[in-house]
Amino acid sequence: MAGFLSGLSKFGLGNMKDQKLYEDPKKKEGKNPQAAAPAKPLPKNEVDFLFDKKYTCPICEKSFISKTVRTGKVKMKAVDLDLRPDYDEVDQIKYDVVACPECGYAALAKYFDGLIKYQKDEIRAQIAVNYMKQQPYGETYSYEVAKGRYELALANAMVKKAKNSEKAYLCLKTAWLIRGWYEHMDPAEENFEKRKEELVAEEKDLLSSAKEGFVMARQSEGFPIAGMDEGTLDYLIAALAYETEDYDVASKMAATIVASRTASSRLKDKARDLKDMISEKTKSEE
């Protein structure tokens, strides 16, 4: 994760790049995205799918505006192997982080509120006092800007000692963001292949971190986890294991879903498809 967290320097939080992402729960109580694909054209009217939503920061209590996607105006056209939704009109994942421009507090919208006093104090002490304000981002967020916002959200999650599921979900959504980034890159741009290779490697690192966090969360947290029931989470872990070439875990988790008495028929079908993909992949590598 160090390569990803190194981007925190621009926010004045470079000292956090070497911090450990997850805490071991045992110490506490209690589509193949990397396949070659043609570049997707970015919508020229992305701003038409956005609106300004007002938030009040729970850390500094200042009001601010965050760009938000008008969900009723975008339609999902596909879902990737690891459940990433794909939209034609706008990459909604770019706008899922809410970040206070005054103090640097950031989180996914679903986790933005509900902080306890300890978490607020730690964010003020470790994030807000060091935060360097950024220039206004404009009417839309570029992938580079969106990535920075996810970095900031992950730094806040670490400082406030968020659940492993929240940190894993952030890693997953950041991986999805980076996938969208290289999918929309222009092959004609300078150093295209090198840059895409770097992004694919970063995506894989984040998928691996997401898998690790979700496995830890499954062992220590109650369901639903990050909004997922047991079957959905097991499928996601299997898909992430496949994408990170951990085929033994992927196969075992997929088999568990197929044999489950509670998993839906739709989820079982996805698990069977995944088992077929694993079988084909392992045979091709023998």
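In what follows, the structure referred to is the one given above.
In this report, the structure presented in the accompanying data block is examined. This structure is a prediction, so every number in the text was calculated from the model and none was measured.

Procedures and definitions
For every chain, the first residue of the written sequence is number 1, and numbering continues from 1 onward in sequence order. Reporting of local features is limited, given that this is a predicted model, to residues whose pLDDT is at least 70; pairs of side-chain atoms are given and counted only at 80 or more, and all residues count toward the totals for whole chains, interfaces and linings. For the side-chain quantities, the full set of heavy atoms in the structure was used; hydrogens and water were omitted. Here, any two strands with at least 2 DSSP bridges between them count as paired. Secondary structure counts use DSSP, requiring at least four H or I residues in a row for a helix and at least two E residues in a row for a strand, with both numbered from the N terminus. When the sulfur atoms of two cysteines come within 2.5 Å, that pair is taken as a disulfide. Whether a residue is buried, partly exposed or exposed follows from its accessible area with a 1.4 Å probe, protein chains only, as a fraction of its type maximum: under 20%, in between, or over 50%, in that order. All tallies of charge rest on Lys and Arg as positive and Asp and Glu as negative; His and the ends of each chain are not included. Salt bridge criterion: a side-chain nitrogen from Lys or Arg within 4 Å of a carboxyl oxygen from Asp or Glu. A 3.5 Å cut-off defines polar contacts: any pair of N or O atoms within that distance qualifies, except that in protein one atom must be a possible hydrogen donor and the other a possible acceptor, and neighbouring residues in sequence count only when both atoms are side-chain atoms. Every residue pair with non-hydrogen atoms within 4.5 Å of one another is taken to be in contact. Only the six-membered ring of Trp is used, alongside the rings of Phe and Tyr, when aromatic pairs are assigned; centres must lie within 6.5 Å, and planes under 30 degrees apart are stacked while those over 60 apart are edge-to-face, with the rest tilted. In this scheme, the term charge over a ring applies when either NZ of a lysine or CZ of an arginine sits within 6 Å of the ring centre and within 35 degrees of the ring normal.

Further remarks concern the pairing of strand β3 (residues 76-79). With three bridges connecting them, β3 and strand β4 (residues 85-87) associate as antiparallel partners. Directly across from Met76, in β4, lies its bridge partner Tyr87. Where β3 folds back on β4, the antiparallel hairpin that results is connected by five residues, among which Leu83 adopts a positive phi of roughly 75°.

A word on the pairing of strand β1 (residues 50-56). Remark: a regular strand shows side chains that alternate across the two faces of the sheet. Where β1 and strand β2 (residues 63-69) come together, seven bridges link them in antiparallel fashion. Residue Phe51 lies in a different strand from β2, and its bridge partner there is Thr68. Where β1 hands over to β2, the hairpin turn is made up of six residues, of which Glu61 adopts a positive phi near 65°.

Before going further, it helps to examine the state of the cysteines. Scanning the entire structure with this criterion turns up zero disulfides. Between Cys57, a cysteine without a disulfide, and Cys103, which holds the nearest cysteine sulfur, the sulfur-to-sulfur distance is 3.5 Å. According to the relative accessible area criterion, Cys57 is buried, its value standing at 1%. With no disulfide of its own, Cys60 lies closest to Cys100 among cysteine sulfurs, the gap being 3.6 Å. Owing to a relative accessible area of 25%, Cys60 belongs among the partly exposed residues under this scheme.

What follows concerns the side chain of Glu221. In this fold, Glu221 is placed in the loop between α5 (192-220) and α6 (230-243). Lys163 is the oppositely charged side chain nearest to the buried, salt-bridge-free Glu221, at an N-O distance of 4.8 Å. Among the polar contacts listed, one links the side chain of Glu221 to the side chain of Ser165, at a separation of 2.7 Å. What Glu221 contacts, discounting residues up to four positions off in sequence, is Lys163, Asn164 and Ser165.

What follows is about the pattern of salt bridges. According to the stated counting rule, one finds 23 salt bridges in the structure shown. The residue Arg84 makes a salt bridge to Asp80 at a minimum N-O spacing of 2.9 Å. You'll find Arg84 and Asp80 in the same group, each marked buried. The closest approach of N and O atoms between Arg218 and Asp234, which form a salt bridge, is 2.5 Å. Taken together, the residues span a long stretch of sequence, with Arg218 in helix α5 and Asp234 in helix α6 at a distance of 16 residues. A single salt-bridge network, built from bridges that share partners, covers Asp80, Asp82, Arg84, Arg179, Glu183, Glu203 and Glu243.

Counting across every chain of the model gives eight aromatic pairs. Relative to Tyr141, the ring of Tyr95 has its centre 4.9 Å away and its plane inclined at 25°; by these criteria the two rings are stacked. Linking Tyr95 in the loop between β4 and β5 (97-99) with Tyr141 in the loop between α2 (117-128) and α3 (143-159), this pair joins segments that are 46 residues apart in sequence. The class of Tyr95 is buried, set by a relative accessible area of 4%. One aromatic cluster is present, built from ring pairs that chain together Tyr55, Phe64, Tyr105 and Phe112. Here the basic side chain of Lys73 rests over the ring of Phe49, its NZ or CZ set 5.4 Å away from the ring centre. Positioned above the aromatic ring of Tyr143, the side-chain terminus of Lys94 is 4.9 Å from the ring centre.

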